[in-house]
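Geometric and topological summary
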Amino acid sequence: MTDRQIMTGDEIRRAIVRISHEIVEKQAGTQGLALVGIQRRGVPLAWRIAAAIEEHEGARLPVGALDITFYRDDLSLVAQQPIVKGTDLPFDLNGATIVLVDDVLYTGRTIRAAMDALIDFGRPRAIRLAVLIDRGHRELPIRADHVGKNVPTSREEIVKVHVEEIDGNDEVSIGRLLRAGEPAAADRQ
Amino acid sequence: MNVETEPAAVGRTAGSARTQEVAWHHRHLLDVDVVTWPEIELIMRTTDEMKGVLARPIRKVPALNGRRVTTLFYEASTRTRVSFETAARNLSADVVSVATATSSVTKGESLVDTIRTLEALGAEILVMRHSVSGAPYLAAEIFGGHVLNGGDGWHAHPTQALLDLYTMRQHLAGGDLRGRKVAIVGDILHSRVARSNIWSLTAAGADLWLCGPATLLRGMDRWATAWDGGAIPGHGRFHVTSDVDAAVRDADVVMALRIQRERMQGGLLPSLREYAARFGLNAERVSLAKPEAIVMHPGPMNEGIEIAPDVATSGRAVITEQVANGVAVRMALLYLLAGAHEAAGGHEAAHEAVHVREAARAPEAIR
C-alpha cells in the first residue's frame, strides 16, 4: 500500500478557515449556530472551525460531540461491535441550526445515522453538513453544504485523514485497500 | 489507526490516554471467569455510554433494532428479568418473555427441547435463569445464538457482579478498586452473586473479604487458599472469615447478601433471629466501616435479617442505584454480545466488513 498525499497541514488549515467563513455567511451571522463533530475525527475539526469563527466573528459557538454507533445500519454486518466513543451535546438543540462536522463524506450512511441521533436529542431548526473531504460514491440522497476538498476516488481506495489532536500530524492521503472488492457498508473509521 | 473505511473498534479506541484496545469476542456470557480485565473495562466504558443514553430525552437507541431477545426464567425474579427486558427494549430489540410457570415446562418439556423450540421461534439472544448450576452452559451448547446467564443455581450471576463493580467504581475516588476493602456478608454458600463477585473484584484488585457463619462458608476456605484468579491475570486474593467486625472494619464497601431460605437445608442456621443478631448489618456494625463507605445489597432484601431497615434506607445505601445501573450494564452486554458473531452466513457485506477490518488492523492493535 503506497499512500499519496492529497492535502498538507497548511491546506487543511485553509480549508477549515474557508468553511468557517461559509458557515457564517450562510447563516448571515452566528446567531443560533452550533457545531457538532461526529466521533472521532469530526470532533477536533468542529473545534477548529469554532476557533476560526471566534477569531473572525468574535463569537464563541457551542460545540458538541456525537457518537453514531448505536444508530448505524450495519451493526449486524460487522464482526464485532464498534466501541462507543461518547456523545456530549452540552446545549439545547431545539431551534438551533446544527452544523454536523465530519472528516470524510463517502456513502452518506454515517450522516444518516448522525441525523437520526441528533433528532433524538431535540428538534433543530436546520441541520447542515460540513466535511473536510467528499470522496463521492453516495448510497443515500445526502450532500454536504461545505466541503474542504472534493476528491474523486475509486471504491478500492481508502482516504486517511490525520489530525494533530488524534494522530499527531495534519495530513490527508489516499491509499489502496490490500484486498480489493466492495467497500464495507460503513463509510468511516 | 485511522483508515477511513475501517468500520469498527480499532480506530475508535486509539488515542486518549492509551486506553487498551480490545474488541469483544465472547458469543455468550455465562460467568465473569472467562472475561479478561481489559474486557471488563470495555463493559464498564460501554455501560457509561448506556448511562448517557438513559439520561437523554428519548431513552432509546436503535442499536438492536429487529434483534430478538428472549428471557427464559425458571426461577422467580422481578428485578433481573424486568431489568433485562427494559435493557433490551431500550436498544429497540423485540422482547419475548417466557415464564416457565405458565409454559409447556409444566407439561414436562425438557430444557433442551424448550431451547430448541425458542430458537425455532426466532430467539437470537437468550437470557436465562435456572435453579441448576451450569444449566446455561448446556443451553449455550445447543442454542445457535447468544446465551446470557441471568443466574444459575449457586454458581454465577455475571450481570449482577458487573453492575456491582460499576456501582462501586462510581463511588470510589478515581473509579479504582485497587487496595479498597470490600466486605461481603451473608449467605456466601448459596450465593451465585458472591461467586461471580469473587472473579470481578479480585480482578479489580480489591481487598475482598467474605463473611458469614461457618456453615455458610463451607468450602470457601479451600477455594481462597487455592485461588489463582482463573483467566484474569493480576488478580488479588480474598479472605474468608466468620468475624463480622473484622470483615467490616475500615471497609470501603459493605455488601449484605440475602439469606436464601428457599435453598437452606435444615441445620445450617440455628435461627434467623440468631443470624440477624450475629451477622445482620445494623448501624453499629456499619459504623466500623470507613465514614464514606457504601452499603450494597443485590436484592431482594430480607429487612431485619441480613440488613437492618435503617441501614438499607440510610444515605450510605446505594441499593436503588445498583438497580438503575443494572439496566445500563445489561444494555452494554446485550449490545456487545449481539456483535460477537461469526461473519458467516454468506452475506457478502458481512465478509467484506471483516476483510476491511483485518486489512486495516495494524499489528499493534492485536493483543
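Time to look at the overall build of chain B. When helices and strands are counted, chain B shows 14 helices and nine strands. The 367 residues of chain B split such that 59% are buried. Residue pairs at least 24 apart in sequence account for 75% of intrachain contacts in chain B once pairs closer than 6 positions are excluded.

Each helix and strand counted, chain A has four helices and eight strands in total. Put simply, chain A runs from its N terminus to its C terminus through helices and strands in the order β-α-β-α-β-β-α-β-β-β-α-β. In chain A, which comprises 189 residues, the share counted as buried stands at 60%. Contacts in chain A between residues far apart in sequence, at least 24 positions, make up 71% of those at least 6 positions apart. Carbon together with sulfur atoms contributes 47% to the accessible area of chain A, which is approximately 7500 Å² in total.

Moving on to the sheet that holds strand S7 (residues 157-162) of chain A. Strands belonging to one sheet form pairs held by backbone hydrogen bonds; the direction of such a pair is parallel or antiparallel. Residues and elements named next belong to chain A. The three strands are arranged S1-S8-S7 in an open sheet whose pairing can be described as antiparallel. Here the strands that pair on one side only, and so sit at the sheet edges, are strand S1 (4-7) and S7. When strand polarity is set aside, the average angle formed by the axes of neighbouring strands in this sheet is 30 degrees. Relative to strand S8 (residues 171-176), S7 is paired through six bridges, and the arrangement is antiparallel. Across the sheet, the residue bridging to valine 159 is isoleucine 174, located in S8. Against the sheet, helix H1 (residues 9-27) touches S1, S7 and S8, its axis set at about 30 degrees to S1.

What follows covers the confidence of the model for chain B. Residue and element names in this part refer to chain B. Scored by pLDDT, chain B has a mean of 85; 85% of the residues are at 70 or more. Predicted confidence for residues 342-367 stays below pLDDT 50, and this span has 47 contacts to residues more than four positions away or in other chains. Two numbers describe this predicted complex: its pTM, 0.84, and its ipTM, 0.79.

Residues and elements named next belong to chain B. Judged by pairing direction, the sheet is parallel, and its four strands sit side by side in the order S2-S1-S3-S4 without closing on themselves. Each having just a single partner strand, strand S2 (94-99) and strand S4 (146-152) make up the two edges of the open sheet. Looking at each pair of strands side by side, their axes are set apart by 15 degrees on average, direction ignored. Here strand S1 (residues 68-73) runs beside S2; their pairing, made up of six bridges, is parallel. Across the sheet, the residue bridging to threonine 71 is serine 97, located in S2. Together, S1, S2 and strand S3 (125-130) form the strand contacts of helix H4 (residues 111-120), whose direction differs from that of S3 by roughly 155 degrees.

Okay, the domain arrangement of chain B next. Residue and element names in this part refer to chain B. When the domains of chain B are assigned, the result is domain 1 (9-156 + 325-365) and domain 2 (159-321). Taken over both partners, the interface formed by domain 1 and domain 2 buries close to 2500 Å², and the fraction arising from carbon and sulfur atoms is 60%. At the surface where domain 1 touches domain 2, the tally comes to one salt bridge. Linking glutamate 75 and arginine 192 is a salt bridge whose minimum nitrogen-to-oxygen distance equals 3.0 Å. When residues of the side of domain 1 that touches domain 2 are traced back to their parent elements, those giving at least two are helix H2 (37-54), helix H3 (79-90), S3, S4 and helix H13 (319-339).

Moving on to the pattern of salt bridges. Tallied over the full model, the rule gives 22 salt bridges over all chains. The salt bridge involving A:Glu139 is made with A:Arg109; its shortest N-O contact spans 2.6 Å. A residue pair is termed long-range when its members are at least 10 positions apart, and A:Glu139 in the loop between strand S5 (126-134) and strand S6 (146-150) and A:Arg109 in helix H3 (residues 109-119) qualify at 30 residues. Residue classification places A:Glu139 among the partly exposed positions, given a relative accessible area of 32%. We classify A:Arg109 as partly exposed; its relative accessible area is 25%. Between B:Glu85 and B:Arg81 there is a salt bridge, with its nearest N and O atoms 3.4 Å apart. With a gap of four residues between them, B:Glu85 and B:Arg81 both fall in helix H3, about one helical turn apart. Judged by relative accessible area, B:Glu85 falls into the buried class, the value being 9%. One connected set of salt bridges, linked through shared partners, spans A:Lys26, A:Arg143 and A:Asp145.

Moving on: the pairing of S5(A). All names here are of chain A. Of all the nine residues making up S5, seven are buried; the element is thus mostly covered by neighbouring parts of the structure. Where strand S4 (residues 97-105) lies against S5, eight bridges are found, and the strand directions are parallel. Bridge pairing in S5 places isoleucine 98 opposite isoleucine 127. Assessed by its sense of winding, the connection that carries the chain from S4 through H3 to S5 is right-handed. Pairing geometry for S5 and S6, over four bridges, is parallel. Each bridged residue has a counterpart across the sheet, and for aspartate 134 the counterpart in S6 is asparagine 150.

Along the chain, the position of B:Trp199 falls in helix H7 (residues 192-203). B:Trp199 sits 168 residues away from B:Asp31 along the chain, and the two C-alpha atoms are 8.8 Å apart.

This next bit is on the layout of surface pockets. Residues and elements named next belong to chain B. By volume, the largest pocket is sized at about 390 Å³. Around the largest pocket, the lining comprises 20 residues; the ones closest to its centre are Arg129, Arg192, Arg258, Gly299 and Pro300. Of all the secondary structure elements, the ones that give two or more residues to the lining of the largest pocket are H3 and H7. Within the lining of the largest pocket, the residues separate by chemical class into five nonpolar, eight polar and seven charged. Counting the residues that make up the lining of the largest pocket, at least three belong to each of domain 1 (9-156 + 325-365) and domain 2 (159-321).

Residue and element names in this part refer to chain B. Along the chain, alanine 340 turns up in the loop between H13 and helix H14 (348-360). What makes alanine 340 buried here is its relative accessible area of 8%. Separated by 148 residues in the primary sequence, alanine 340 and arginine 192 place their C-alpha atoms 25 Å from one another.

Next up on the list: the packing of H3(B) against H13(B). Residue and element names in this part refer to chain B. Relative orientation of the contacting elements H3 and H13 amounts to 55 degrees, with a least axis distance of 8 Å. Considering the angle they form, H3 stands oblique to H13. Taken as a pair, H3 and H13 cross one another with a handedness that is right-handed. Facing H3, whose interface residues are Arg79, Thr80, Ser83, Phe84, Thr86, Ala87, Ala88 and Asn90, H13 presents Val323, Gly326, Val327, Arg330, Met331 and Leu334. Residue composition of the contact of H3 with H13, by class: seven nonpolar, five polar and two charged.

Reading the values: rules and limits
- Residues numbered from 1 in each chain as written.
- Chains lettered and ligands numbered in written order.
- Predicted model: local features only at pLDDT ≥ 70, side-chain atom pairs only at ≥ 80, totals over all residues.
- Heavy atoms only, no water.
- Helix = DSSP H or I, 4+ residues; strand = E, 2+ residues; numbered from the N terminus.
- Buried < 20%, exposed > 50% of the residue type's maximum accessible area, 1.4 Å probe, protein only.
- Contact = heavy atoms within 4.5 Å.
- Areas by Shrake-Rupley, 256 points an atom, 1.4 Å probe, with all protein chains shown as cover.
- Pairing = 2+ DSSP bridges.
- Axes fitted to C-alpha atoms, helices over the stretch in contact; angles between N-to-C directions.
- pLDDT = per-residue confidence, 0-100.
- Domains from an automatic or database assignment.
- Buried area = accessible area lost by both parts, 1.4 Å probe.
- Salt bridge = Lys/Arg side-chain N within 4 Å of Asp/Glu carboxyl O.
- Right-handed = clockwise from strand over helix to strand, strands pointing away.
- 1 Å grid on protein atoms, 1.4 Å probe; cavity = no way out; pocket = protein on both sides within 12 Å on 5 of 7 lines; lining within 4 Å.
- Points joined across faces, edges and corners; volume = space filled by probe spheres on them.
- Nonpolar A, V, L, I, M, F, W, Y, C, P; charged D, E, K, R; others polar.
- Parallel < 35°, antiparallel > 145°, perpendicular 65-115°, else oblique.
- Left-handed = near helix turned anticlockwise from the far one by under 90°.

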